[in-house]
Amino acid sequence: EAGVAQSPRYKIIEKRQSVAFWCNPISGHATLYWYQQILGQGPKLLIQFQNNGVVDDSQLPKDRFSAERLKGVDSTLKIQPAKLEDSAVYLCASSLEIAGGRETQYFGPGTRLLVL
Amino acid sequence: AQTVTQSQPEMSVQEAETVTLSCTYDTSENNYYLFWYKQPPSRQMILVIRQEAYKQQNATENRFSVNFQKAAKSFSLKISDSQLGDTAMYFCAFMSPGYGNKLVFGAGTILRVKS
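Residues numbered from 1 in each chain as written. Chains lettered and ligands numbered in written order. Predicted model: local features only at pLDDT ≥ 70, side-chain atom pairs only at ≥ 80, totals over all residues. Heavy atoms only, no water.

Colleague: Can you break down the overall build of chain A residue by residue, with the values?
Modeller: Along chain A, the regular secondary structure elements total 0 helices and 11 strands. Ordering the α and β elements of chain A from the N terminus gives β-β-β-β-β-β-β-β-β-β-β. In terms of overall dimensions, chain A is globule-like: its C-alpha atoms have a radius of gyration of 13 Å, near the 13 Å expected for 116 residues. Along the longest, intermediate and shortest principal axes, the C-alpha atoms of chain A span 40 × 25 × 25 Å. The proportion of buried residues among the 116 residues of chain A is 46%. Considering chain A, the positive charge centre built from 13 side chains and the negative charge centre built from 11 side chains are found 6 Å apart. (Helix = DSSP H or I, 4+ residues; strand = E, 2+ residues; numbered from the N terminus. Rg over C-alpha atoms; globule rule 2.2 N^0.38 Å. Buried < 20%, exposed > 50% of the residue type's maximum accessible area, 1.4 Å probe, protein only. Lys, Arg positive; Asp, Glu negative; His and termini not counted. Charge placed at Lys NZ, Arg CZ, Asp CG, Glu CD.)

Colleague: An account of unusual backbone geometry is needed here, citing residue identities and associated values.
Modeller: For the bond from Ser7 of chain A to Pro8 of chain A, the omega torsion is -5 degrees, close enough to zero to count as cis. With omega at -5 degrees, the peptide bond leading from Gln80 of chain A into Pro81 of chain A counts as cis. Structurally, Pro81 of chain A can be placed in the loop between strand E8 (75–79) and strand E9 (88–95). Positive phi values are uncommon outside glycine, yet Lys73 of chain B reaches one of about 55 degrees. Tracing the chain through its elements places Lys73 of chain B in the loop between strand E8 (64–69) and strand E9 (74–79). Unusually for a residue other than glycine, Asp81 of chain B sits at a positive phi of about 50 degrees. With respect to the helices and strands, the residue Asp81 of chain B is situated in the loop between E9 and strand E10 (88–95).

Colleague: So what's going on with the side chain of His29 of chain A? Residues and values would help.
Modeller: Residue and element names in this part refer to chain A. Within the secondary structure, His29 sits in the loop between strand E3 (19–24) and strand E4 (31–37). With a relative accessible area of 8%, His29 lands in the buried category. A polar atom in the side chain of His29 sits 3.4 Å from the backbone nitrogen of Ser95. The contact partners of His29, leaving out residues within four places of it in the chain, are Arg69, Ser94, Ser95, Leu96 and Tyr106. (Polar contact = N/O pair within 3.5 Å; in protein donor to acceptor, adjacent residues only side chain to side chain. Contact = heavy atoms within 4.5 Å.)

Colleague: Residues and numbers for the interface of chain B and chain A, please.
Modeller: Interface extent is often summarised as the accessible area lost during association of the parts. If you look at the interface, chain B gives 20 residues, while chain A gives 25 residues. Summed over both sides, the interface between chain B and chain A buries roughly 1,700 Å², with carbon and sulfur atoms accounting for 48% of that surface. Counting the contacts that link chain B with chain A gives 1 salt bridge. Measuring nitrogen to oxygen at the nearest pair gives 3.5 Å for the salt bridge that ties Lys102 of chain B to Asp56 of chain A. At the surface where chain B touches chain A, the tally comes to 5 residue pairs in polar contact (both at pLDDT 80 or more). Of all elements in the fold, only strand E5 (33–39), strand E6 (46–52) and E10 of chain B reach the threshold of two or more residues within the side of chain B that touches chain A. Broken down by element, the residue count for the side of chain B that touches chain A peaks at 4 residues, all from E5 of chain B. (Buried area = accessible area lost by both parts, 1.4 Å probe. Salt bridge = Lys/Arg side-chain N within 4 Å of Asp/Glu carboxyl O.)

See the structure below:
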């Protein structure tokens, strides 16, 4: 079974530029998550989708971050414009249903973003 | 707010020995889950073990076991017979239906297994 795929793996941009990340979850997984992992910290949930609807985006900085999950499969996360503090690893994860503790979240390899 | 604290930024252990990673959490919820995730260098994060708060019995998965002390809000991970492949960042995490079923992670502990 293929795992969660993410691209690109690495991205370097200058501040105020835009960037987009792509995620393809495990086939059949209804729930998709985007996390931000800043160096030295644990991952922080940015947004959670159930199929193509948003379940939780309370920690997404909506003035510069946006995400969509068209057709309930692939998802993109965009930052526009980027700031220095956005330098982090962006992790995508998926689970069969909403992870209520008994569901396992499967993580992708992440996209490492450096904003100069 | 739910918080997870890992007080050991780095640990090291000799191959074949046993090591324990510490984790404490703070919550007012009674129904919740606790997890240990492993993130090897440049590889995907994977679930190591999970514990349901209402279960008194400590969870075990092969060489990995936990010591869950609910009253003390402590959740430590014990790795027995450490192997070189156990070298990774380990994250303790919390989830509760009362907190939107969101995973809340600690800052992590880097574990290095030495030969």
